[in-house]
Structure formats: structure tokens, C-alpha cells
Amino acid sequence: MINLYELTREQLVDLLKQWGEPAFRAKQVREWLYDKRVSSFDTMKNLPKELRARLEAETTLGTLAMVTEQVSSDRTVKRLYKLPDGQLIESVLMPYDDDRRTACISTQAGCAMGCVFCATGQMGFSRHLTPTEIFEQALRFAIELEAEGDRLSNVVLMGMGEPFHNYDASISAIHRLMNDLGIGARHITISTVGLVPQIRRFADEGLQVKLAISLHAATDTERASLLPVNKRWPIAELIDACREYVDKTGRRITFEWAAIQGEKRPLAIKLMRWENCSKECCATSISFR
């Protein structure tokens, strides 16, 4: 079965051409997929019945199979999906009172980073997700919200996995979120535990996407005990990469800090004191209470 979400515009044109269909059919199909965001071929009423039947028989709308879903009292939706090879991933939809609808999506099945406070990190790494597997998680929520007269407004790559460990697929998925779902770059956030080379590479992408760094501790000893990646790229190197990112992009960075019961860490840090820098985009200190 051909996953239609895997096909580029040109590939869809070629497929339908092989089936003897005119080129404009590809435009019609893409409008149903990404503009009207339907979830079945029967809804594509301006397509010939024979074409709809063939699409039903030979193609599929995505590959994620939902295993279970949990809905909390605040309407947050958490889902477990099974991939075609049996791997399991999670996605979350978070509604907010200010009308934001944020999808938190996974970029890997499992994770290789081994962060001690993260359940996914303790699972170990299974495999990278493809750009389409990453994208489809957000698309599923967008389709359902559209049917309710609502819309997906934000996406965060903060689910299972380290997005920068699966760098190329994550960036490809981000472009699809912007181009196919119409999510503005400033409404997309990518979170990393601090892979320094990829942070420097990301600074050159020219994207207005937000960057978040999982910091969690103010010293190398404390951070390395929580995030093994700190042994490879200690805080000084991480901050140098962050400094370069801010200098190149002029964008702020969000630093994430998990409050862990029983963990006593300094309540204030001065890691973001940029020497000889007066840019408004640079934070001078971060305090935790």
C-alpha cells in the first residue's frame, strides 16, 4: 500500500499519470489531504468514483495505528500509536484557555540519550522516525480539530526521542508542518538535551522556529548525573553553542528545568550572562524558586 502522505507533489502527479489520470487530479487530491484535511477517500467528492475506489484499494492515508488514548480532566489527549514495524510512540494534544491547541510529537521510537528522569530515556533507542511519521502525528490532531471547527495552532517536538539525534528527519518534518499544515515557524518549538554540533547547524537553517534546551542543572557534575550527554558536551560548550545561535539568529532560547522530588540543586544560575552583550534577545540570568 502506498502512503499518500509520503508522496511529494511531483510523486503524486507521477502516480496518477501512471494510472491514466490527468495532472490536475493530483492538485485535487492534495487539496483534500492538506487543505480540507479529510480522513477518508469517500469524502473526495470531486474525484471520479473509479479513482476513489482505486485509491482505497492501493493507497493509505497514513500508517499510524492508535493503540490507546487517554483524556484528562483538562481535555489533554495522550495517544499511543503503533508503527507498521510494531514500534510504539506517543503523541499529546494540549488545549489551553487562550485557544492554543498544541501537539507534542515524537521524533524517535525510544531514545538514546539516557536521561535518568525520563521514562523514554530509560527504554533505550529503537529507531528514528521518518519525516512522514513525525508529521503525521500533528496531522492527525489537525484533521480532528478541523472537523470540530477548531485548528491546530502550535507544535512542539518534545515527545519521545531527541529531535537533533534525528536531525534531518526532524527538519524535514518541520518544513512539512509549515508548508502542508500552515503552522507558522514561530509556533513550532524543537527541544534538545544539548547536542552542540546540531545546535550550531540549526543556527544556519534560517528558520524562525523556537529552540528549547533541556538544562536541568547548573554544574557539570549535577547535570552529568541527570543527562549523560553532558559528559560529551559540558555546560561551557553548550553555552558557547547557544551564544553562537543567538548571535546568528537574534532569537531567544528557552531553557527547561525539571523539578524532581528529592533532587536538591541550586535555585539560581547565571549561565546566560553574555559578556559584552546588550541584545534584548539575551537573558542575563535565570532563577528557579
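A quick note: this is a predicted structure, and the numbers were derived from the prediction, not measured. (Residues numbered from 1 in each chain as written. Predicted model: local features only at pLDDT ≥ 70, side-chain atom pairs only at ≥ 80, totals over all residues. Heavy atoms only, no water.)

A. Region of the structure containing the side chain of Arg30. Along the chain, the position of Arg30 falls in helix α2 (residues 24-35). The buried category is assigned to Arg30, whose relative accessible area is 12%. What Arg30 contacts, discounting residues up to four positions off in sequence, is Leu7, Thr8, Arg9, Leu12, Asp35 and Asp180. (Helix = DSSP H or I, 4+ residues; strand = E, 2+ residues; numbered from the N terminus. Buried < 20%, exposed > 50% of the residue type's maximum accessible area, 1.4 Å probe, protein only. Contact = heavy atoms within 4.5 Å.)

B. Structural context of the side chain of Thr192. Inspection of the secondary structure puts Thr192 in strand β10 (residues 188-192). Reaching out from Thr192, the side chain makes a polar contact with the side chain of Glu162 at a distance of 2.9 Å. Excluding residues that lie within four positions of it along the chain, Thr192 makes contacts with Glu162, Phe164, Ile199, Leu211, Ala212, Ile213 and Ser214. (Polar contact = N/O pair within 3.5 Å; in protein donor to acceptor, adjacent residues only side chain to side chain.)

C. Expanded view of the packing of helix α1 (residues 9-18) against α2. Put simply, α1 and α2 touch, their axes get as near as 8 Å, and they point 125° apart. By the angle between their directions, the pair α1 and α2 is classed as oblique. Of the two elements, α1 crosses α2, and the hand of that crossing is right-handed. Taking contact as the criterion, the partners of Arg9, Leu12, Val13 and Leu16 in α1 are, on α2, Arg25, Ala26, Val29 and Arg30. For the contact of α1 with α2, the residue count by class is five nonpolar, no polar and three charged. (Axes fitted to C-alpha atoms, helices over the stretch in contact; angles between N-to-C directions. Parallel < 35°, antiparallel > 145°, perpendicular 65-115°, else oblique. Left-handed = near helix turned anticlockwise from the far one by under 90°. Nonpolar A, V, L, I, M, F, W, Y, C, P; charged D, E, K, R; others polar.)

D. Up close: the packing of aromatic side chains. If you walk through the whole model with that rule in mind, you get five aromatic pairs. When the centroid spacing of 5.5 Å and the interplanar angle of 40° are considered together, the rings of Phe164 and Tyr167 count as tilted. In terms of burial, Phe164 and Tyr167 fall into one category: buried. Measuring from centroid to centroid gives 6.1 Å for Phe202 and Tyr245, while their planes differ by 0°, and the two rings are stacked. Here the residue Phe202 occupies a position in helix α7 (residues 196-202), and Tyr245 occupies one in helix α10 (residues 235-249), the gap between them amounting to 43 residues. (Phe/Tyr/Trp six-rings, centres within 6.5 Å; stacked < 30°, edge-to-face > 60°.)

E. Structural detail: the state of the cysteines. Tallied over the full model, the rule gives zero disulfides. The closest cysteine sulfur to the non-disulfide-bonded Cys104 is located on Cys118, 11 Å from its own sulfur. You can call Cys104 buried: its relative accessible area is 13%. Left unpaired, Cys115 is separated from the closest cysteine sulfur, that of Cys118, by 6.2 Å. Assessed through its relative accessible area of 8%, Cys115 is described here as buried. (Disulfide = S-S within 2.5 Å.)

F. Spotlight on the sheet that holds strand β5 (residues 88-95). Spatially, β3-β4-β5-β6-β9-β10-β11-β12 is the arrangement adopted by the eight strands of the open sheet, whose pairing is mixed. The strands lining the two open edges of the sheet, one partner per strand, are β3 (65-71) and β12 (253-256). Within the sheet, the average angular offset between the axes of one strand and its neighbour, ignoring direction, is 20°. Bridge analysis of β5 against strand β6 (residues 101-104) gives four bridges, and the strand direction is antiparallel. Bridge pairing links Met94 to Thr102 in β6. Relative to the sheet, helix α6 (residues 167-181) contacts β9 (154-157) and β10, its axis offset from that of β10 by approximately 165°. Running over the sheet, α10 touches β11 (210-214) and β12 and is turned about 155° from β12. (Pairing = 2+ DSSP bridges.)

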